[in-house]
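Observations on chain architecture
Each chain, written out:
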Amino acid sequence: MASRSSKSSAPLTFDLPRSLTEKIQSIRKGRGLKTSSEVVRLAIEQFDFDACDPDHEPHQQISVRITAPQRAMLKRYAKGKNSSVGELIRLALEGLSVKPPRASRR
């Protein structure tokens, strides 16, 4: 078995907002770096992880039942909007008020 040096690298895939991928490209050009990997490695080397306090909301996986037409509609919209079904459901839940709207009087 071949031994690996401490300088070897391995691929890592993760999601970033488009604004951050654009920033990576700007940093590449501004600092004369060849790859996005170089930018990420530089950021990791320079960042103070001990002092950081990530602001994030814990996630919880749930299982729900939806109708076949709802599932088809979500898949269609997700594909058309280049998104995920989960993201669309999160948006729908965030837009839902806690109390139902009042019935209008006629």
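The structure we're discussing is the one just above.
What counts, and at which threshold
- Residues numbered from 1 in each chain as written.
- Predicted model: local features only at pLDDT ≥ 70, side-chain atom pairs only at ≥ 80, totals over all residues.
- Heavy atoms only, no water.
- Phe/Tyr/Trp six-rings, centres within 6.5 Å; stacked < 30°, edge-to-face > 60°.
- Lys NZ or Arg CZ within 6 Å of the ring centre and 35° of its normal.
- Axes fitted to C-alpha atoms, helices over the stretch in contact; angles between N-to-C directions.
- Helix = DSSP H or I, 4+ residues; strand = E, 2+ residues; numbered from the N terminus.
- Parallel < 35°, antiparallel > 145°, perpendicular 65-115°, else oblique.
- Contact = heavy atoms within 4.5 Å.
- Nonpolar A, V, L, I, M, F, W, Y, C, P; charged D, E, K, R; others polar.
- Buried < 20%, exposed > 50% of the residue type's maximum accessible area, 1.4 Å probe, protein only.

As a further point, take the packing of aromatic side chains. In this structure the tally under the stated criterion is 1 aromatic pair. Consider the rings of Phe47 and Phe49, whose centres lie 4.7 Å apart with planes at 70 degrees: the pair is edge-to-face. When the ring centre of Tyr77 is taken as origin, the NZ or CZ atom of Arg76, which lies over that ring, is 5.4 Å away.

So, on to the packing of helix 1 (residues 18–31) against helix 2 (residues 36–46). Between helix 1 and helix 2, whose axes approach to 9 Å, the crossing angle comes to 90 degrees. Classed by the angle they form, the pair helix 1 and helix 2 counts as roughly perpendicular. For the pair helix 1 and helix 2, contact is made by Ile24, Gln25, Ile27, Arg28 and Arg31 and by Ser36, Val39, Val40, Leu42 and Gln46, respectively. Taken together, the residues of the contact of helix 1 with helix 2 break down into 5 nonpolar, 3 polar and 2 charged.

Next up on the list: the environment of Arg71. If you trace the backbone, Arg71 turns up in helix 3 (residues 68–80). Judged by its relative accessible area of 45%, Arg71 is partly exposed. Each C-alpha atom of the pair Arg71 and Gln61 lies 18 Å from the other, and the pair is 10 residues apart in sequence.

Attention now goes to unusual backbone geometry. Positive phi, close to 50 degrees, is recorded for Asn82, a residue that is not glycine. By the secondary structure assignment, Asn82 is in the loop between helix 3 and helix 4 (85–94).

Look at helix 3 against helix 4: their axes get within 9 Å of each other, and the N-to-C directions meet at 105 degrees. On the basis of the axis angle, helix 3 is roughly perpendicular to helix 4. Contacts between helix 3 and helix 4 involve Leu74, Lys75, Tyr77 and Ala78 on the former and, on the latter, Val85, Leu88 and Ile89. Residues of the contact of helix 3 with helix 4, tallied by class, amount to 6 nonpolar, no polar and 1 charged.

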